Amino acid sequence: MKLECRAQKMWRIGLAAILVFSAAMARAELLIRVTEGRVDAVPIAVVPFEGAQNAPEDVSQIVQADLHRSGQFKPLPAEDMLSRPRNESEVIYRDFRVLGVEYIITGSMKAQETGGYEVSYALFDVNRQVKLMSETYRPPVSQLRDVAHAISDRIYEQLTGIPGAFSNKILYVTHNRNDKNPYQLQYADADGHRVTTILRSKEPIMSPTWSPDGRKVAYVSFEDDGLPGIYTHDLATTNREKVSSFRGINGAPDWSPDGQKLALTLSRDGNPEIYMLDITTKQLTRLTQHYGIDTEPRWLPDGEHLVFTSSRSGGPQIYKLNINDKSVRRVSFQGAYNARPDVTPDGRYLVYVHRRNGNFNVGVQDLQRGTFNIVTRTDMDESPSVAPNGSMVIYGTQDRGTGVLEAVSIDGRVKVKLPSKEGEVREPAWSPFL
């Protein structure tokens, strides 16, 4: 018992350190750098779209950047192209086959009298010499980036069989010490552009999470005399509601798959436990009861189970909870420290922070096969969040003493850095499909 109590004490200290570390963060657009792609990345040519040079947004460049950022594709530089076809009739497959290119994307952008654009594209298979797909969009100027990401999503799915996640958003917390309201809750496109600030505060903001329809977010704010409260925030109306402000800890909210409930951590009865809050009726249901620390709940896709972090075995490990009969079983067994779980949309992979040789890395556990792999090589990783298509994990880490976001593929073969142009950024959360 003495050893167990000491382990719990050390974990409490560790959690407090993480909270302080996460709170010490700056507003800026994110930069995207692929640092490691697949060695077998598919060669692809995104031919500069006709008319793109006169448009406010170059859709072809955005599509090329999206596909490159996925790590699954290796775009051919435009200057290396032997020809630049504008449409199907101009495609000379030989010009791309000799360069090892497997797929070609062509397109055009035409200004409309209405003030918008007509954007067309086509995807070609070089080896089979056939057109695989083509589409036309007519967006207003303000939605050109949205159309570009939608095209990337369609091409990615056509070639990989997996829905693309380029149209999604990333939610995160920043801190700017020179601002009178230094803490900011922001979201941006998946490529780091179009940053939107949701909330500015003098006090820390933590644990942001998306509702399953992407219309709301929930988070922890310390704006009420430095005490933690859980808020929901409607992104369209900007309406906010404080849904939990009990004595003690109010933390780690997570929306249920149906959007009707929040799983959260409360210490209202003296010890950190997992609760479930009905958003509409405000009914609160206690789900765990143990002398250990229970925290960081995350819903499984079936809406009937949660995974969470608990010290009930002496140190932080991941457990699975049935919300109907409240039964609990341990699911992580590698090492003495496993925390901050998230789950892939298909429920197969469990992603969490794993301590190994004093370093905190992101690990992926296959719940079907029972295998476990470390997929990052940094040493202070936290807050992993899985993309809605299950292909990538975004997380916070340190780069030369500065907090940055990074992303890694679920198999660890693709790595992407997402540093901000200034300051630090933490606590990322990938949006659902929008």
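Look up: the structure comes first, before these words.
Now for a look at the structure at hand.

1. Thoughts on the overall build of the chain
Line of reasoning, step 1. Secondary structure assignment for the chain yields four helices and 30 strands.
Line of reasoning, step 2. Relative to a compact globule of 434 residues, whose C-alpha radius of gyration would be 22 Å, the chain shows 23 Å and is just as compact.
Line of reasoning, step 3. Once the C-alpha set of the chain is aligned to its principal axes, its extents read approximately 75 × 45 × 40 Å.
Line of reasoning, step 4. In the structure as shown, the chain presents an accessible area of about 19,200 Å², 46% of it carried by carbon and sulfur atoms.
Line of reasoning, step 5. The average position of the 52 basic charges and that of the 53 acidic charges among the side chains of the chain differ by 5 Å.

2. Brief notes about the sheet that holds strand E11 (residues 216-224)
Strand pairing within a sheet occurs via backbone hydrogen bonds; the two strands may be parallel or antiparallel.
Line of reasoning, step 1. Taken in spatial order, the four strands of this open sheet run E10-E11-E12-E13, and their pairing is antiparallel. Edge positions in the open sheet fall to strand E10 (205-210) and strand E13 (240-244), since each of these has one partner strand only. When the angles between neighbouring strand axes are averaged without regard to direction, this sheet yields 30°.
Line of reasoning, step 2. As paired elements, E10 and E11 share four bridges and run antiparallel to each other. Looking across to E11, one finds that Met-206 is bridged to Val-220.

3. Quick look at helix H2 (residues 59-69)
Line of reasoning, step 1. Those residues of H2 that fall on the buried side of the exposure criterion are Val-59, Ser-60, Ile-62, Val-63, Asp-66, Leu-67 and Arg-69.
Line of reasoning, step 2. Positive backbone phi, approximately 80°, marks Gly-71, located one or two places after H2.

4. Describing the sheet that holds strand E3 (residues 73-75)
Line of reasoning, step 1. The strand order E3-E2-E4-E5-E6 describes an open sheet built from five strands, whose pairing is mixed. Two strands in the sheet have a free side with no partner beyond their single neighbour: E3 and strand E6 (130-137). Neighbour-to-neighbour, the strand axes of this sheet turn through a mean angle of 20°, independent of strand direction.
Line of reasoning, step 2. Across the sheet, helix H4 (residues 144-160) lies against strand E2 (42-46), E3, strand E4 (103-111), strand E5 (117-125) and E6, angled at about 15° from E5, the strand it touches most.

5. Side note on the pattern of salt bridges
Line of reasoning, step 1. For the structure on display, the rule yields 27 salt bridges.
Line of reasoning, step 2. Residues Lys-169 and Asp-189 are paired through a salt bridge, measuring 2.5 Å at the closest nitrogen-oxygen approach. Within this pair, whereas Lys-169 is found in strand E7 (residues 169-175), its partner Asp-189 is found in strand E8 (residues 183-189), the two being separated by 20 residues in sequence. Exposure class is identical for Lys-169 and Asp-189. Each is buried.
Line of reasoning, step 3. Between Asp-366 and Arg-348 there is a salt bridge; the shortest N-O distance is 2.8 Å.

Rules of the game
Residues numbered from 1 in each chain as written. Predicted model: local features only at pLDDT ≥ 70, side-chain atom pairs only at ≥ 80, totals over all residues. Heavy atoms only, no water. Helix = DSSP H or I, 4+ residues; strand = E, 2+ residues; numbered from the N terminus. Rg over C-alpha atoms; globule rule 2.2 N^0.38 Å. Areas by Shrake-Rupley, 256 points an atom, 1.4 Å probe, with all protein chains shown as cover. Lys, Arg positive; Asp, Glu negative; His and termini not counted. Charge placed at Lys NZ, Arg CZ, Asp CG, Glu CD. Pairing = 2+ DSSP bridges. Axes fitted to C-alpha atoms, helices over the stretch in contact; angles between N-to-C directions. Buried < 20%, exposed > 50% of the residue type's maximum accessible area, 1.4 Å probe, protein only. Contact = heavy atoms within 4.5 Å. Salt bridge = Lys/Arg side-chain N within 4 Å of Asp/Glu carboxyl O.

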